[in-house]
Amino acid sequence: MESVKIGEDVFEILLPEEQIRARIKELAARLRLDYAGKTPIFIGILNGSFIFMSDLVKEFGDVCEIDFFKLSSYGDELISSGAVKLLKELNCTVTGRDLIIVEDIVDTGLSIKFIEQLIAEHSPNSTRVISLLLKPDSLKYDAKIDYIGFEIPSRYVIGYGLDYKQQYRNLRSIYVLREEV
Ligand code: IMP
């Protein structure tokens, strides 16, 4: 099995790049139908969503706009500290627009909840959330995710935009920290 060794930790492959690519094609086809005749704004949450966002909008193919929020990360922790800070605001006007929030992974749901509240203040026409990954067993906040790539176990993952201590975002596949037996 393909694996990555980081210090004492071993990460095993969870989602190979071909599987990610195929799922993104399906998600993009669904978005094309749902947003036919509209010009949605894809809003990525930095840093983790940058690769997913890029592949998703290329597959989407139709007319759209793109912007980013940046939130504070977990620092170097493997679990959420529970605090979210806004580090970069949007540059576009969202009032009356159709927004698609693009997340790499929803864990507790705190980040998405935070973004949804922030955006609601600016009265968009519609807001939906797409996340490549969801850890359903970790959800603590009432966050509605409209499009989900893959549901995964509540274990730490890296690659395809997701980091460990800011590294490994550029791996093409998604890897999971091996559980000790
Ligand atoms: P939430 O606010 O708890 O839903 O966490 C969302 C954010 O936490 C994501 O956008 C990621 O930046 C980070 N995160 C959560 N789980 C993981 C993981 O397994 N690997 C890497 N980052 C993660």
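Everything discussed here concerns the structure shown above.
Residues numbered from 1 in each chain as written. Predicted model: local features only at pLDDT ≥ 70, side-chain atom pairs only at ≥ 80, totals over all residues. Heavy atoms only, no water.

Caption draft 1: Expanded view of the environment of S111. Mapped onto the elements of the fold, S111 is located in helix 3 (residues 110-120). A relative accessible area of 25% means that S111 is categorised as partly exposed. Spatially, the C-alpha atoms of S111 and K85 are 9.1 Å apart, while their sequence positions differ by 26 residues. S111 has contacts with L71, V84 and E103, leaving out every residue within four places of it along the chain. (Helix = DSSP H or I, 4+ residues; strand = E, 2+ residues; numbered from the N terminus. Buried < 20%, exposed > 50% of the residue type's maximum accessible area, 1.4 Å probe, protein only. Contact = heavy atoms within 4.5 Å.)

Caption draft 2: Main features of the site of the ligand. Neighbouring the ligand are 16 residues, the closest being T108, G109, S111, K135 and V157. Interatomic distance of 2.5 Å between a side-chain N/O atom of T108 and an oxygen atom of the ligand. Here an oxygen atom of the ligand sits 2.8 Å away from a polar atom, N or O, in the main chain of G109. Here the ligand, which alone exposes 500 Å², has 91% of that area covered by the protein. Elements with a minimum of two residues in the shell around the ligand: strand 6 (98-106) and helix 3. Here the residues of the shell around the ligand are counted per class, giving seven nonpolar, three polar and six charged. (Near = heavy atom within 4 Å. Polar contact = N/O pair within 3.5 Å; in protein donor to acceptor, adjacent residues only side chain to side chain. Areas by Shrake-Rupley, 256 points an atom, 1.4 Å probe, with all protein chains shown as cover. Nonpolar A, V, L, I, M, F, W, Y, C, P; charged D, E, K, R; others polar.)

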